[in-house]
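# Residue-level structural notes
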Amino acid sequence: LRYLYDIAAPQRLGKPVAPLQITLRHRRDIMQTAQLPATPHGVAAASRVLAKGGLLAFPTETVYGLGADARNDHAVARIFAAKGRPSFNPLIVHVASISAAQALVVWTAVATKLAAQFWPGPMTLVLPLKPDNGLSALVTANLPSLAIRIPANPLARDLLDQFGGPVAAPSANPSGRISPTTARHVIRGLDGQIDAVIDGGDCAVGLESTIIGLEKTPTLLRPGGLASGPIEACLGQPLTHHHISDTLNAPGQMRSHYAPTARLRLNATSARSGEVLLGFGDVPADLNLSASRDLVEAAANLFRHLHTLDTRASEVIAVSPIPKTGLGLAINDRLQRAAAPRPESEAAL
Ligand code: TXA
Ligand code: MG
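Anyway, here's the lowdown on the structure attached to this text. Counting from 1, residues in each chain are numbered in the order their sequence is written. The lettering of chains begins at A and the numbering of ligands begins at 1, in the order of writing. In keeping with the predicted nature of the model, local features appear solely for residues at pLDDT of at least 70, side-chain atom pairs appear and are counted solely at 80 or more, and the whole-chain, interface and lining totals rest on all residues. By convention in this description, side-chain values take in all heavy atoms of the structure and omit both hydrogens and water.

Any two strands with at least two DSSP bridges between them are considered paired. Numbering goes from the N terminus for both helices and strands, where a helix is a DSSP run of H or I of at least four residues and a strand is a run of E of at least two. Strands sit in the order β15-β18-β16-β17 across an open sheet of four strands; the sheet is parallel. The sheet is open, and its two borders are formed by β15 (263-265) and β17 (287-288), each paired with just one other strand. Judged from the three bridges that link them, β15 and strand β18 (residues 316-319) form a sheet pairing that is parallel. Bridge pairing in β18 links R265 to A318.

If you want it as structure tokens, here you go:
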């Protein structure tokens with residue numbers, strides 16, 4: 001099977017980019033996905049997968065990432081093929097230290113301030129790319145900026161230390177599906193498509209990182225696992241809000257991203273007949289994000305509960321209203337995307 005993919009973002013730079021061809025694996029050469037334990041041996045094996053240009057799913061504190069050596073064009077191209085993304089949207093690069101980040105992007109005083117307080121952790125910074133950064137152009141989809149973060153998960157940190165290079169990693173799910181927060185979710189979506197997954201248990205945060213653009217005035221590009229309140233407190237100024245979907249026309253920003261197979265009905269006070277209810281607060285629910293209305297707990301449970309309810313026979317998952325404050329903003333963002341009508345191109349994947 002051969003598909004032609006075109007790069008979505010570069011027209012913003014005003015120069016045409018040659019389409020890149022990716023060969024999707026034929027059914028008969030589907031690979032064996034190794035399941036590695038969270039031991040020194042497992043980490044060493046995982047690091048070798050990356051060094052050989054392989055695809056490795058690994059836990060971060062937010063969600064499991066589908067990692068590849070960010071300097072290796074072929075390895076990065078394989079990420080898009082494994083996820084079945086119809087076009088390239090830029091990826092987040094994971095590094096072990098601030099100095100490793102500074103080697104790749106043009107650093108600023110504001111970046112120092114935010115990194116000092118929130119790294120390692122669920123915050124991604126978008127900064128101008130340095131020339132001669134050594135990264136595959138596919139990582140940034142030819143944008144002049146790079147999204148970068150230091151993850152806090154101890155296994156991820158060990159892996160980055162051992163590998164010693166930048167790791168590009170989107171969430172480790174097939175395009176348009178719910179992000180994985182356990183190794184089992186990864187296997188359910190990508191078994192046979194990736195070389196290995198290293199099992200670090202549940203992700204503590206359970207929501208993707210908050211993305212802050214620092215190219216101009218500090219801007220919230222994607223709400224995520226770190227609420228904007230503490231970020232604004234650290235900056236001493238409010239964030240400009242400019243959702244990524246306003247600028248980038250790529251599948252990661254499609255409204256229906258994060259979709260389970262079942263349809264979602266939001267702001268439901270109770271389940272109708274035939275529906276399962278994903279609750280919040282004191283409601284009789286099939287699964288509850290947080291009976292005590294704790295938004296941190298709800299964020300950590302969100303993708304796991306969606307995965308679980310999606311395996312039930314029901315065609316509709318009804319979801320209780322979630323407050324639009326703090327982490328509730330990111331939770332509502334993910335739920336709205338999951339509930340949005342699916343474009344034809346994604347339905348076909
Ligand atoms: O928590 C996370 O962020 C997880 C873990 C694995 O680190 N990763 C993740 O990656 O969510 P992904 O590929 O699913 O989402 C990356 C987002 C996309 O919406 C992409 O468009 C945006 O980051 N992004 C990447 N580079 C960018 C850039 N230069 N400017 C603006 N947005 C960018
Ligand atoms: Mg994702």
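We are not done yet, so read on.
The residue after W119, namely P120, is reached through a cis peptide bond having omega -10°. In this structure, N267 takes a positive phi of about 55° despite not being glycine. Within the secondary structure, N267 is located in the loop between β15 and β16 (275-279). Phi angles above zero are rare outside glycine, and R293 is one such case at about 60°. Its place among the elements puts R293 in the loop between β17 and α8 (295-310).

Now for the nonpolar core. What makes a nonpolar core is a set of buried Ala, Val, Leu, Ile, Met, Phe, Trp, Tyr and Cys residues whose side-chain atoms join them at distances within 4.5 Å. In this scheme, a residue with accessible area under 20% of its type's maximum is buried, one over 50% is exposed, and one in between is partly exposed, where area comes from a 1.4 Å probe on protein chains only. Ranked by size, the top nonpolar core spans 51 residues in total, and within it V93, W107, L114, W119, L125, L146 and I212 carry the most contacts. Taken together, the elements giving at least two residues each to this core come down to β5 (64-69), α2 (73-83), α4 (109-118), β8 (123-128), β9 (145-149), α6 (183-190) and α7 (228-235). By the convention used here, residues are in contact when the closest approach between their heavy atoms is within 4.5 Å. With sequence-adjacent residues up to four places away left out, I212 is seen in contact with L114, M123, T124, L125, V126, T219, L220, L221, I231 and L239.

Let us now look at the environment of L146. Note that L146 resides in strand β9. With 40 residues separating them in the primary sequence, L146 and V106 have C-alpha atoms 9.6 Å apart. Excluding its chain neighbours within four sequence positions, the residues that come into contact with L146 are V93, L104, V105, L125, V126, L127, L129, L135, V139 and T140.

Okay, the packing of α4 against α7 next. Here the axes come from fitting lines to C-alpha atoms, over the contacting stretch only for helices, and the angles between their N-to-C directions go from 0 to 180 degrees. Axis separation between α4 and α7 bottoms out at 10 Å; the angle between their running directions is 130°. The orientation of α4 relative to α7 falls into the category oblique. For the element pair α4 and α7, the recorded crossing hand is right-handed. Between α4, through V110, K113, L114, Q117 and F118, and α7, the contact on the second element is made entirely by P230, I231, C234 and L235. Amino acid classes used here: Ala, Val, Leu, Ile, Met, Phe, Trp, Tyr, Cys and Pro are nonpolar; Asp, Glu, Lys and Arg are charged; the rest, including Gly, are polar. Of the residues in the contact of α4 with α7, the class split is seven nonpolar, one polar and one charged. Every angle not falling under 35 degrees, over 145, or within 65 to 115 is termed oblique; those three ranges are roughly parallel, roughly antiparallel and roughly perpendicular. We call a crossing left-handed when the near helix sits turned anticlockwise from the far one by less than a right angle, and right-handed when that turn is clockwise.

The strands making up a sheet associate through backbone hydrogen bonding, with each pair oriented either parallel or antiparallel. Pairing in this open sheet of eleven strands is mixed, and the strands run β3-β11-β4-β5-β10-β7-β9-β8-β12-β13-β14 from one edge to the other. Lying at the two open borders of the sheet, with one neighbouring strand each, are β3 (34-36) and β14 (240-241). Sheet topology note: the β8/strand β12 (residues 210-213) ladder contains four bridges and is parallel. In the sheet register, V126 faces β12, and the bridge partner there is G213. Where α2 meets the sheet, its contacts fall on β5 and β10 (167-168), and the angle it forms with β5 comes to roughly 145°.

Attention now moves to the environment of I98. Within the fold, I98 resides in helix α3 (residues 98-102). Once the C-alpha coordinates of I98 and A116 are considered, the two residues, 18 residues apart in sequence, prove to be 9.1 Å apart. With residues near it in sequence (within four places) discarded, I98 still touches W107, A115, W119 and I150.

Its place among the elements puts R222 in strand β13 (residues 219-222). His is not counted, nor are the chain ends; Lys and Arg add positive charge and Asp and Glu add negative charge. Salt bridge, as applied in this entry: a Lys or Arg side-chain nitrogen positioned within 4 Å of an Asp or Glu carboxyl oxygen. Lacking a salt bridge, the buried R222 has E208 as its closest oppositely charged neighbour, with an N-O distance of 5.1 Å. Within 3.5 Å is the distance limit for a polar contact, defined as a pair of N or O atoms, with the added protein rule that one can donate a hydrogen and the other accept it, and that residues adjacent in sequence qualify only through two side-chain atoms. Of the polar contacts made by the side chain of R222, one reaches the backbone oxygen of S209; its length is 3.0 Å.

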